[in-house]
Amino acid sequence: MKVTDHIKRAQGKTLFSFEIVPPQKGKKIEDLYKNIDPLMEFNPPFIDVTTSREEFVYVEKDGLLDRKITRMRPGTVGICAALKHKYNIDTVPHVLCGGFTREETEYLLVDCHYLGIENVMALRGDAMKHQRYFEPTEGGHRYANELVSQIRNLCEGKYLHETIEASKTDFCIGVAGYPEKHLEAPSLDFDLKKLKEKVDAGADYIVTQMFFDNSKFFEFVEKAKAFGIDVPIIPGIKPIAVKRHLRLLPQVFKIDLPETLITEVEKCKDNKEVRQVGIEWCIQQSKELKDAGVPLLHYYSMGKSDNIKAIASAIF
Ligand code: FAD
């Protein structure tokens, strides 16, 4: 079922969902199941599976370093199919512009359709580690709105090189939104204009970047409405788990952390205490968002899911 239909069917009740990052290659899928199993009692209507773009590795050859391209994690669509089968649940693969040509994207979407995966998150992806700014892959898309258009075309039976009326897909498309603006955007208004372009291109719902101050989310939703964005906006939230997050999250995502949270984390003697502070903060955030009637709370689960379970137990 589509994400938007799950939301409609819930009739105002706040749903629980989460996102997983595929483990590095070489691991077994049972490791992933072990982290997902404890979260299934909260009846998530779907699970998101992130995609990582290709990376460079340097291999020594004849005394010189040779640059090779590799992928560090197994393919998202395969994992989505496995989870769908194991848990009888909808899965949402993240589809990236970066690292994929339009043709590769089409094959990936054809696979999704074939496997009965009805939802996809359309994202640009980030710059590669050696790049300062994102550079589109040759033959790929520059911005997520172009990717949304490609997916929407497939829903009309328009493939890249032919139109096959009988093979229309019916994807529900999610896109990313940034309550504190995307790090490259010159202003929040500029970013909202671009978000509106993604919706106009055919996006059905928005999932936000993490935030730690709910007022940022509420203001964002109001501003989005003023820009004519009328699709569901799902808050994406993440519990702080280690002290290092105090520096890392603002640095990587250009988001602010509230002073009270910083003070609480700084007081912690070890990361076990930090994890508990993160859980408590996220419970408070979740309660407020749920009381405000958000359609769904979407949690970023990185690796171990014990903290998400503790939060979900308090909320759902
Ligand atoms: P876009 O919507 O293309 O926007 C990128 C930037 O370009 C913004 O600053 C925007 O304002 C600007 N812009 C957009 N269109 C135009 C235009 N026409 N002209 C000029 N400027 C424009 N990354 C991964 O690698 N894998 C994942 O699985 C993944 N999942 C994510 C899930 C969520 C919910 C979120 C919020 C992010 C996720 N990301 C993921 C990170 C995401 O790929 C990065 O944040 C990326 O830098 C931007 O992606 P986007 O789809 O928002 O890009």
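Coordinates for the structure precede this section.
Residues numbered from 1 in each chain as written. Predicted model: local features only at pLDDT ≥ 70, side-chain atom pairs only at ≥ 80, totals over all residues. Heavy atoms only, no water.

Asks: Looking at this model, I keep getting lost on the packing of aromatic side chains. Mind explaining?
Replies: Here the distance between the centres and the angle between the planes together describe a pair of aromatic rings. Inspection of the entire model under this criterion finds seven aromatic pairs. With a centroid separation of 5.3 Å and 15° between ring planes, the pair formed by Phe211 and Phe217 is classed as stacked. In this pair, the class of Phe211 matches that of Phe217, namely buried. One aromatic cluster is present, formed by Phe16, Phe18, Phe42, Tyr299 and Phe316 through successive ring pairs. Cation over ring: Lys86 sits above Tyr33, and NZ or CZ is 4.8 Å from the ring centre. (Phe/Tyr/Trp six-rings, centres within 6.5 Å; stacked < 30°, edge-to-face > 60°. Buried < 20%, exposed > 50% of the residue type's maximum accessible area, 1.4 Å probe, protein only. Lys NZ or Arg CZ within 6 Å of the ring centre and 35° of its normal.)

Asks: Help me understand the packing of helix H7 (residues 214–226) against helix H10 (residues 271–291), please; the structure alone is not making it clear to me.
Replies: Axis angle and axis distance: for two packed helices, these are the angle between their axes and the distance between the axes, and together they describe the pair. It is at 10 Å that the axes of H7 and H10 come closest, and there the two elements cross at 30°. The angle between the axes of H7 and H10 places the two elements in the roughly parallel class. Crossing of H7 over H10 shows right-handed handedness. Facing Asn214, Phe217 and Phe218 of H7, the residues of H10 in contact are Gln285, Glu288 and Leu289. Looking at the contact of H7 with H10 residue by residue, the classes come out as three nonpolar, two polar and one charged. (Axes fitted to C-alpha atoms, helices over the stretch in contact; angles between N-to-C directions. Helix = DSSP H or I, 4+ residues; strand = E, 2+ residues; numbered from the N terminus. Parallel < 35°, antiparallel > 145°, perpendicular 65-115°, else oblique. Left-handed = near helix turned anticlockwise from the far one by under 90°. Contact = heavy atoms within 4.5 Å. Nonpolar A, V, L, I, M, F, W, Y, C, P; charged D, E, K, R; others polar.)

Asks: Explanation requested: the nonpolar core in the structure shown.
Replies: With 91 residues, the main nonpolar core has Ile20, Ile36, Leu83 and Tyr299 as its most contacted residues. In terms of residue count, the dominant contributor to this core is H10 (six residues). Apart from the residues lying within four places of it in its own chain, the contact partners of Ile20 are Leu32, Ile36, Ile47, Asp48, Val49, Thr50, Ile79, Leu83 and Ser301. (Core = buried A, V, L, I, M, F, W, Y, C linked by side-chain atoms within 4.5 Å.)

Asks: Please clarify how the pattern of salt bridges should be interpreted in this entry.
Replies: Working definition: two side chains of opposite charge can pair if their charged atoms are close together. Scanning the entire structure with this criterion turns up 20 salt bridges. Residue Asp256 is joined to Lys216 by a salt bridge in which the shortest nitrogen-to-oxygen separation is 3.7 Å. Within this pair, whereas Asp256 is found in the loop between helix H8 (245–253) and helix H9 (259–267), its partner Lys216 is found in helix H7, the two being separated by 40 residues in sequence. Here Asp256 falls in the partly exposed class, since its relative accessible area comes to 48%. What makes Lys216 partly exposed here is its relative accessible area of 22%. (Salt bridge = Lys/Arg side-chain N within 4 Å of Asp/Glu carboxyl O.)

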